Amino acid sequence: MIDNENILLFQYAVRVIGSNYAPTIERDEFLVSEKIKKELLKQRREADAALFSELHRKLQTQGVLKHRWSILYLLLSLCEDPHKPSRGASYGALFAQALHRDTHSTPFYCARPQSLSLSHPERSGLAQNPNSMGTSGFSSLGVYSVNGPTAAPQILLAGQQTAGDTLRQTLGSHLGWNLLPNSSPSSAPASRGPLLLITPPARAAPRQRRDGDSNAEIGEAALVRDILYVFQGIDGKFIKMCNQANCYKIDEKVPLSRSLRDISSRLAELGWLHSKVRKYTDARSLDRAFGLVGQSFCASLHQELKEYYRLLSVLHSQLQVEDDQGMNLAAESNLTLRRLLVWTYDPKVRLKTLAALVDYCQGRKGGELASAVHAYGMTGDPYMRALVQHILGLVSHPILNFLYRWIYDGELEDTFHEFFVASDPSVKTDRLWHDKYTLRKSMIPSFITMDQANKVLLIGKSINFLHQVCHDRTPPGKTASKSTDSPRDAAELFTDLEGTFQGKIDAAYFDTSKYLLNVLNRNYLLLEHLQAMRRYLLLGQGDFIRHLMDLLKPELARPATTLYQHNLTGILETAVRATNAQFDSPEILKRLDVRLLEVSPGDTGWDVFSLDYHVDGPIATVFTRECMSHYLRVFNFLWRAKRMEYTLTDIWKGQMCNAKLLKNMPELSGVLHQCHILASEMVHFIHQMQYYITFEVLECSWDELWNKVQHAQDLDHIIAAHEVFLNTIITRCLLDANNRSLLNQLRAIFDQIIEFQNAQDALYRSGLEELQLRLQFQERKRQRQEEGEWGVTTEQEAEEGRRVQGFQETIPKMRSQLRILTHFYQGIVQQFLVLLMTSSDESLQFLSFRLDFNEHYKARDPRLRASLGTSRGRRSSNM
């Protein structure tokens with residue numbers, strides 16, 4: 001056994017050997033760079049600190065400078081204030097403050113983003129104090145920083161190599177002379193004499209626990225060794241994991257002072273937090289279904305744990321040095337529980353943040369996971385915000401790669417469904433634009449707005465539409481970066497979401513959409529096809545429609561079962577060649593065709609005839625099957641209304657031609673007058689309906705559509721405007737479900753017009769036959785008189801009288817038939833007006849005023865009178 005005298009002599013020899021003229025500055029490049037970054041962080045220049053870290057990293061990889069440390073130290077010296085007091089002078093007060101703060105930390109922590117408190121009010125003061133130990137990193141030893149790994153503290157590894165002022169200057173803001181037992185700045189030697197980190201003990205060592213001594217108190221060195229194992233999640237000799245309480249505990253039977261037990265429990269919390277984060281990363285790192293975003297999250301946690309392990313390795317190295325030198329025999333160890341409490345304060349805060357993040361991110365993946373990480377960055381604590389921003393940069397890097405591949409190449413390689421754009425491979429090409437690509441709203445990161453997500457979806461969809469439908473692989477815009485260079489670039493990009501990121505999205509959106517619309521208009525004549533729909537299916541080409549009706553009249557008057565489509569197609573081509581339609585593009589005319597609807601019993605050609613327009617290729621994206629069915633419904637309605645106008649024109653021509661022929665039959669004057677009155681009512685009604693349909697519905701809606709199409713920024717705008725146009729026409733032409741009763745009444749009025757045409761034709765046929773017979777009788781009478789004979793015999797005159805009397809007896813029947821027809825017609829019109837007045841559409845209410853401009857129907861029907869009064873009162877109140 002070595003006695004105390006030999007120990008003192010040994011220590012003196014070591015001091016003599018270590019009293020060489022070592023440089024007063026530790027030549028450590030990493031230490032100097034960390035000091036520079038800490039100075040920048042103290043001045044709240046986080047962006048400059050990050051830029052310095054990145055430039056330093058690039059400088060290390062290039063090897064241009066051989067003495068980088070000297071340049072960094074020069075820069076640090078230039079920025080320091082020579083009048084600034086020593087940072088180690090107040091370290092004793094700092095230690096007491098940190099120890100007081102740690103007493104408020106929660107022993108175990110349940111992650112909840114709204115209520116979690118990972119910082120203390122004193123923390124901000126510590127950050128601003130120039131005597132603090134550091135602002136970033138896993139510990140005040142400078143082991144870790146937000147911007148990357150830092151140098152391990154050299155002072156803990158160089159216990160027997162540093163001396164006097166060298167030790168004092170090297171410790172700086174990390175340990176300070178106040179951490180050394182029985183020493184202070186004032187008592188330190190002024191000369192550069194040899195001095196060891198380990199000093200002789202000034203008091204008797206506490207009683208140590210020996211084998212077989214169960215009542216001896218456990219030494220602090222043994223607890224420190226246990227704590228270092230607990231820091232790694234490994235049970236120590238005295239401190240073990242309690243599964244029931246879910247915490248590390250010291251056995252109650254172990255003899256230990258209350259203060260040491262309390263400090264040990266607070267230190268053991270670090271091991272519990274480490275185990276929580278480590279279990280999550282170990283479980284998720286092997287899960288391939290967690291996706292690239294999840295693996296990036298695990299990688300960021302591994303990176304944080306790696307810096308934590310660097311701190312533990314330094315502590316273990318110091319413990320090993322002390323064990324090798326046998327310092328625990330006669331000197332106080334530098335690794336005490338109180339010092340560990342101070343040194344591990346920052347790592348504990350960081351691990352608490354990581355543990356909270358792990359709890360909050362359970363069950364999340366992809367963009368949803370990135371949103372959870374981003375939510376934790378919305379805090380006022382700069383340390384916590386910097387940590388979360390660093391993790392967010394790593395997590396969001398795969399999402400940005402997905403996004404850039406999508407908006408620049410249209411490629412979607414999302415194996416684990418992490419990106420917010422989803423693809424359905426079962427959708428065919430003709431429905432690519434509408435159904436193949438959709439948004440996963442749950443996967444949209446919270447730092448990306450819904451407007452940005454919709455633009456991202458539209459950009460990639462446009463590129464795929466160009467490639468797969470238009471067969472155009474020309475790059476739609478300027479060449480741009482298709483991936484982020486590093487997670488740091490991703491983090492910096494997301495810090496300027498309203499600027500750089502929004503600019504990239506907008507540039508890609510405008511370039512791609514503009515190119516797509518140019519291709520559709522130049523190569524596929526989208527606007528020309530839209531105008532063709534208006535001219536042919538919506539009856540905008542007046543001369544063509546009129547001539548087509550004239551040619552089709554004999555065919556369509558026949559039963560529907562006797563019609564043949566090839567005959568009607570030939571008539572259609574004749575109408576095209578005879579009108580201005582012949583000047584349209586051949587691409588448009590070849591798509592125009594005839595279609596026969598399903599035949600019902602009793603239908604004529606007028607009931608089943610329809611024009612058709614064939615669409616395929618890219619334009620079928622705008623003119624979908626649903627849109628073409630709407631066009632077919634509107635065409636049938638307009639065709640029937642146009643037929644009513646055509647029919648009433650024939651009725652008027654018949655009346656004008658037959659009025660002079662039948663003026664010699666005075667017995668028909670009353671019936672013909674009744675026909676003229678009823679025809680005038682019908683003409684007024686159809687003219688007002690045609691005005692409403694043509695100008696108030698079609699022209700106004702078409703003008704609005706054309707303006708929207710001219711100013712459309714993308715294909716979705718054109719599709720939406722076209723759908724609004726069709727829906728407006730369907731609604732205002734009474735073809736929707738809400739106006740079914742109005743449409744039924746209107747069709748009944750059309751049927752009454754057809755009935756009136758048939759009744760008038762029968763009247764004219766009967767009257768003309770009678771007129772012809774009378775003229776023949778007079779002609780025979782004149783011929784016989786010219787021959788010198790009697791004009792008629794008594795029998796012939798009697799027979800002629802009976803025939804005329806028989807015809808005159810049919811006139812009351814015709815009059816009653818017309819009276820019944822008029823009564824039914826006016827009753828249906830009255831009901832139609834009542835329905836118009838109760839409609840919520842003001843344009844339909846105004847239509848009722850024009851139909852009953854002289855209040856003829858108001859005087860006939862009290863219901864209509866009440867409805868008209870109510871409507872006008874409502875209008876006046878609105879004014």
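Residues numbered from 1 in each chain as written. Predicted model: local features only at pLDDT ≥ 70, side-chain atom pairs only at ≥ 80, totals over all residues. Heavy atoms only, no water.

Going by the annotation in an unreviewed UniProt entry, the name recorded for the protein is Gamma-tubulin complex component, with Conger conger given as the source organism. A UniProt comment under Subcellular location (unreviewed entry) is attached to the protein, and it reads "Cytoplasm, Cytoskeleton, Microtubule organizing center, Centrosome". Reading the Sequence similarities (unreviewed entry) entry of the UniProt record for the protein gives the comment "Belongs to the TUBGCP family." (UniProt positions renumbered as here; feature names shortened; annotations may be inferred.)

Sorry if this is basic, but what is going on with the overall build of the protein here?
Scanning the protein for helices and strands turns up 31 helices and 8 strands. Taken across its 879 residues, the protein has 49% of its residues classed as buried. The contacts in the protein between residues at least 6 apart in sequence include a share of 75% that link residues at least 24 apart. A total of about 43,400 Å² of accessible surface is found on the protein, and carbon and sulfur atoms cover 53% of it. (Helix = DSSP H or I, 4+ residues; strand = E, 2+ residues; numbered from the N terminus. Buried < 20%, exposed > 50% of the residue type's maximum accessible area, 1.4 Å probe, protein only. Contact = heavy atoms within 4.5 Å. Areas by Shrake-Rupley, 256 points an atom, 1.4 Å probe, with all protein chains shown as cover.)

I keep staring at the environment of Ala-356 and nothing clicks. Help me out?
Mapped onto the secondary structure, Ala-356 falls in helix 12 (residues 345–360). The sequence separation of Ala-356 and Val-277 amounts to 79 residues, and the corresponding C-alpha distance is 9.2 Å.

Would you mind going over the pattern of salt bridges with me for this structure?
Opposite charge on two side chains makes pairing possible when the charged atoms of those side chains draw close. Evaluation of the coordinates by the stated rule reveals 36 salt bridges. Across the pair Glu-800 and Arg-803 runs a salt bridge whose closest N-O atoms are separated by 2.1 Å. With Glu-800 and Arg-803 both in helix 28 (residues 794–837) and 3 residues apart, the pair spans about one turn of that helix. Residue classification places Arg-803 among the partly exposed positions, given a relative accessible area of 23%. (Salt bridge = Lys/Arg side-chain N within 4 Å of Asp/Glu carboxyl O.)

Where do I start with the pairing of strand 4 (residues 247–250) in this structure?
Along any regular strand, the residues point their side chains to alternate faces of the sheet. Of the strand pairs in this sheet, strand 3 (residues 239–242) and strand 4 are connected by 4 bridges, and their pairing is antiparallel. Bridge pairing in strand 4 links Met-241 to Tyr-248. The antiparallel hairpin formed by strand 3 and strand 4 contains 4 residues in its connecting segment, where Asn-246 sits at a positive phi of about 55°. (Pairing = 2+ DSSP bridges.)

I'm lost on unusual backbone geometry in this one. Help?
In terms of backbone geometry, most residues other than glycine have negative phi values and most peptide bonds are trans. Residues other than glycine seldom take positive phi values, yet His-417 does so here, at roughly 55°. Within the secondary structure, His-417 sits in the loop between helix 14 (382–409) and strand 5 (421–423).

Just checking my understanding: could you explain a nonpolar patch on the surface for this structure?
There is a patch of nonpolar side chains on the surface, built from Val-64, Leu-65, Ile-71, Leu-74, Leu-75 and Leu-78 and spanning about 570 Å² of accessible area. Structurally, Leu-78 is set in helix 4 (residues 68–79). (Patch = residues over 30% accessible without salt bridge, like charges linked within 9 Å, V, L, I, M, F, W, Y side chains within 5 Å.)

Can you help me understand the packing of aromatic side chains in this one?
Two aromatic rings, taken as a pair, are described by how far apart their centres are and by the angle between their planes. The tally for this structure, following the rule as stated, stands at 19 aromatic pairs. Residues Tyr-404 and Tyr-408 carry aromatic rings whose centres are separated by 5.9 Å and whose planes lie at 35° to one another, so their mutual orientation is tilted. Residue Tyr-404 and its partner Tyr-408 are located together in helix 14, separated by 4 residues, close to a single helical turn. Tyr-404 gets classed as buried once you look at its relative accessible area, which sits at 2%. Residue classification places Tyr-408 among the buried positions, given a relative accessible area of 18%. Taking 5.3 Å as the distance between ring centres and 35° as the angle between the ring planes, the aromatic pair formed by Tyr-691 and Phe-695 counts as tilted. (Phe/Tyr/Trp six-rings, centres within 6.5 Å; stacked < 30°, edge-to-face > 60°.)

Could you clarify how one ought to interpret the nonpolar core in this entry?
Counting residues in each nonpolar core, the largest one holds 201 residues, and the members touching the most others are Phe-420 and Phe-544. Broken down by element, this core gets its largest block of residues, 16 residues, from helix 25 (residues 669–710). The contact partners of Phe-420, leaving out residues within four places of it in the chain, are Leu-403, Thr-438, Leu-439, Arg-440, Met-443, Ile-444, Pro-445, Ile-448, Ala-453 and Val-456. Core analysis: the next-biggest nonpolar cluster, separate from the first, contains 9 residues, Val-32, Leu-41, Phe-52 and Leu-76 among them. (Core = buried A, V, L, I, M, F, W, Y, C linked by side-chain atoms within 4.5 Å.)

What is the right way to read helix 27 (residues 740–786) from this model?
Note on helix geometry: an α-helix contains 3.6 residues per turn, so any two residues three or four positions apart are oriented the same way. The terminal C-alpha atoms of helix 27 lie 68 Å apart, and with 47 residues this matches the ideal 69 Å at 1.5 Å per residue to within 8%. Positive phi shows up at Gly-788, right after helix 27, with a value of about 85°. (Expected span 1.5 Å × (residues − 1).)

Could you clarify how one ought to interpret the packing of helix 24 (residues 625–661) against helix 26 (residues 715–732) in this entry?
The geometry of a pair of packed helices is captured by two quantities: the angle between their axes and the separation between those axes. Close contact between helix 24 and helix 26 brings their axes to 10 Å; oriented N to C, the two are set at 30°. In terms of orientation, helix 24 and helix 26 fall into the roughly parallel class. The two elements helix 24 and helix 26 meet at a crossing, and its hand is left-handed. Contacts between helix 24 and helix 26 pair Cys-627, His-630, Tyr-631, Arg-633 and Val-634 from the former with His-722, Phe-725, Leu-726, Asn-727, Ile-729 and Ile-730 from the latter. Residues of the contact of helix 24 with helix 26, tallied by class, amount to 7 nonpolar, 3 polar and 1 charged. (Axes fitted to C-alpha atoms, helices over the stretch in contact; angles between N-to-C directions. Parallel < 35°, antiparallel > 145°, perpendicular 65-115°, else oblique. Left-handed = near helix turned anticlockwise from the far one by under 90°. Nonpolar A, V, L, I, M, F, W, Y, C, P; charged D, E, K, R; others polar.)

Honestly, the side chain of Thr-336 in this entry has me stumped. Any pointers?
Take Thr-336: it is sitting in the loop between helix 10 (291–325) and helix 11 (337–343). By relative accessible area, Thr-336 is classed as buried at 10%. Side-chain polar atoms of Thr-336 contact the backbone nitrogen of Arg-339, separated by 3.2 Å. In this structure, Thr-336 is in contact with Glu-220 and Val-224, ignoring residues within four places of it in sequence. (Polar contact = N/O pair within 3.5 Å; in protein donor to acceptor, adjacent residues only side chain to side chain.)

Explain the packing of helix 27 against helix 28 here, please?
Contact geometry of helix 27 with helix 28 gives a least axis separation of 10 Å together with a crossing angle of 165°. What the angle tells us is that helix 27 and helix 28 run roughly antiparallel. Where helix 27 crosses over helix 28, the handedness of that crossing is left-handed. A per-class count over the contact of helix 27 with helix 28 returns 21 nonpolar, 9 polar and 5 charged.

For this particular structure, what's the right way to read the pairing of strand 8 (residues 609–613)?
Extensive coverage of strand 8 is indicated by the burial of 5 of its 5 residues. The side-chain alternation of strand 8 yields two buried faces, one formed by Phe-609, Leu-611 and Tyr-613 and the other by Ser-610 and Asp-612.

So what exactly am I meant to see when it comes to helix 14 here?
Under the 1.5 Å per step criterion, the end-to-end length of helix 14 is 38 Å for 28 residues, consistent within 8% with the ideal 40 Å. The largest bend along helix 14 reaches roughly 35° and is located at Ser-396, with the proline Pro-398 sitting one to four residues downstream. Extensive coverage of helix 14 is indicated by the burial of 21 of its 28 residues. Within two residues after helix 14, Gly-410 carries a phi angle of roughly 75°, on the positive side. (Bend = angle between axes of the 7 residues up to and from the residue.)

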